[in-house]
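# Summary of structural features
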Amino acid sequence: QVQLVESGGGLVQTGGSLRLSCAASGRTGSSYAMGWFRQAPGKEREFVAGISWSRGNIYYAGSVKCRFTISRVVAKNTVYLQMNSLQPEDTAVYYCAAGPDRYTIPTMTYEYDYWGQGTQVTVSS
């Protein structure tokens, strides 16, 4: 079992920045892919960014590429999502997830086994 706890959400103006954190505990010795997803009201949960815990390779959704940066600190069992140039359409609940570490970063929700409780990000116009 892996437990994930997100933090760092909040209210920010258009063009602002936030950094989300995801602290992992439990069976963190295994190799996982860590993903960030988001879900806006009335919409499906969508992939934002992912990183291989062991290899460090990264993949972004096209809508956030060049604005968001995913990173990890292995010693802290923590994954981060730095979000810059935030837009109102980035408003959503952001979730951290852990899934099997494969050659490519998983991008579908069903590929992930463990989920955090989510943190709200609101971007005002």
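Before any of the text, the structure's been laid out above.
The structure presented is a predicted model; accordingly, all values stated were derived computationally and were not measured.

Rules behind the numbers
- Residues numbered from 1 in each chain as written.
- Predicted model: local features only at pLDDT ≥ 70, side-chain atom pairs only at ≥ 80, totals over all residues.
- Heavy atoms only, no water.
- Helix = DSSP H or I, 4+ residues; strand = E, 2+ residues; numbered from the N terminus.
- Contact = heavy atoms within 4.5 Å.
- Phe/Tyr/Trp six-rings, centres within 6.5 Å; stacked < 30°, edge-to-face > 60°.
- Buried < 20%, exposed > 50% of the residue type's maximum accessible area, 1.4 Å probe, protein only.
- Polar contact = N/O pair within 3.5 Å; in protein donor to acceptor, adjacent residues only side chain to side chain.

## Concerning the overall build of the chain
Looking only at helices and strands, one finds zero helices and eleven strands in the chain. Along the chain, from the amino end to the carboxyl end, the secondary structure elements read β-β-β-β-β-β-β-β-β-β-β. For the chain, the spread of C-alpha atoms along the three principal axes comes to 40 × 25 × 25 Å. A sequence separation of at least 24 residues applies to 58% of the contacts in the chain between residues at least 6 apart.

## Notes on the environment of Trp-115
Tracing the backbone through its elements, the reader meets Trp-115 in strand 10 (residues 114-115). C-alpha separation for the pair Trp-115 and Gly-99, spaced 16 residues apart in sequence, amounts to 9.2 Å. Every residue in contact with Trp-115, bar those within four places of it in the chain, is listed here: Leu-4, Phe-37, Arg-45, Tyr-95, Cys-96, Ala-97 and Thr-109.

## Observations concerning the packing of aromatic side chains
Counting across every chain of the model gives seven aromatic pairs. When the ring of Tyr-32 is compared with that of Tyr-114, the centres are 6.3 Å apart and the planes differ by 85°; the resulting orientation is edge-to-face. Here the residue Tyr-32 occupies a position in strand 4 (residues 32-39), and Tyr-114 occupies one in strand 10, the gap between them amounting to 82 residues. Relative accessible area serves as the criterion here: at 19%, Tyr-114 is assigned to the buried category. Ring geometry for Phe-37 and Tyr-112: centres 5.1 Å apart, planes at 80°, overall edge-to-face. Note that Phe-37 is positioned in strand 4 and Tyr-112 in the loop between strand 9 (92-100) and strand 10, a separation of 75 residues in sequence.

## Quick notes on the side chain of Glu-111
Following the sequence through the fold, Glu-111 ends up in the loop between strand 9 and strand 10. Given a relative accessible area of 17%, Glu-111 falls into the buried group. A polar contact is formed between the side chain of Glu-111 and the side chain of Arg-102, at a distance of 3.0 Å. Of note is the side chain of Glu-111, whose polar atom sits 3.0 Å from the backbone nitrogen of Met-108. Apart from residues no more than four positions distant in its own chain, Glu-111 is found in contact with Gly-99, Pro-100, Arg-102 and Pro-106.

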